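Each chain is listed here by its residues.
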Amino acid sequence: TIRLWNVSDLTPIATLNGHKRGVWRVQFSPIDKVLASCSGDRTVRLWSLSDWSCLRTLEGNSASVLCVSFVNKGSQLMSGSADGLLRLWTVRTGECEATFDRHVDKVWVVRTLD
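Residues numbered from 1 in each chain as written. Predicted model: local features only at pLDDT ≥ 70, side-chain atom pairs only at ≥ 80, totals over all residues. Heavy atoms only, no water.

Draft legend 1. Summary view of the nonpolar core. Membership of the largest hydrophobic core is limited to 12 residues, which are Val34, Ala36, Cys38, Val44, Leu46, Leu58, Val65, Val68, Phe70, Leu77, Trp89 and Val91. Sorting the residues of this core by element identifies β4 (34-39), β5 (44-48) and β7 (65-71) as the ones contributing at least two each. The contacts of Val91, once residues within four sequence positions are left out, are Leu46, Arg56, Phe70, Gly74, Ser75, Gln76 and Leu77. One finds Cys67, Met78, Leu86 and Val110 within the second-largest nonpolar core, a separate group that totals 7 residues. (Core = buried A, V, L, I, M, F, W, Y, C linked by side-chain atoms within 4.5 Å. Buried < 20%, exposed > 50% of the residue type's maximum accessible area, 1.4 Å probe, protein only. Helix = DSSP H or I, 4+ residues; strand = E, 2+ residues; numbered from the N terminus. Contact = heavy atoms within 4.5 Å.)

Have a look at this one:
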């Protein structure tokens, strides 16, 4: 479960339900009204910040997804998982464009220069 709060008065704005296990990280899109979340249920979810619905579930990981980051000016996502894999996803289609398998341990953080 993800809970969003109004920072100015600490009132709840929305509750996003859908992940079946704990959420490790969330990130706001730099270009769209979209929130990305990753979870121990081995998925990445994209959420609408307009109506709070789940827009897309990105599946294909064999282990917990520990981190997620928007890349390429928000057009793609990079996710890292407990099996050491990095995956590059296209936001609009939900397709996994590439998988990088050179890590020997969990990927906890994904950061980019853009």
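Draft legend 2. Layout of the pattern of salt bridges. The full count for this structure, using the stated rule, is 1 salt bridge. The partner of Arg92 in a salt bridge is Asp32, and the shortest N-O contact between them spans 3.6 Å. You can see Arg92 sitting in the loop between β9 (86-90) and β10 (96-100) and its partner Asp32 sitting in the loop between β3 (23-28) and β4, a full 60 residues away along the chain. Judged by relative accessible area, Asp32 falls into the partly exposed class, the value being 25%. (Salt bridge = Lys/Arg side-chain N within 4 Å of Asp/Glu carboxyl O.)

Draft legend 3. A look at the sheet that holds β7. Pairing within the open sheet is antiparallel, and its 4 strands lie in the order β7-β8-β9-β10. Two strands bound the open sheet, and with one partner strand each, they are β7 and β10. When strand polarity is set aside, the average angle formed by the axes of neighbouring strands in this sheet is 20 degrees. Where β9 meets β10, 4 bridges bridge the pair, whose relative direction is antiparallel. The residue bridging Leu86 from the neighbouring strand is Phe100, located in β10. (Pairing = 2+ DSSP bridges. Axes fitted to C-alpha atoms, helices over the stretch in contact; angles between N-to-C directions.)

Draft legend 4. Highlighting the sheet that holds β4. Reading across from one edge, β3-β4-β5-β6 is the order of the 4 strands in this open sheet, with antiparallel pairing throughout. Every other strand in the sheet has two partners, leaving β3 and β6 (54-58) as the edge strands with one partner each. Averaged over all adjacent pairs, the angle separating strand axes in this sheet is 20 degrees, with direction ignored. Strand direction decides the pairing type here: β5 and β6, joined by 4 bridges, are antiparallel. Bridge pairing in β6 links Leu46 to Arg56.

Keep in mind that these numbers describe shape and distance, not what the molecule does.
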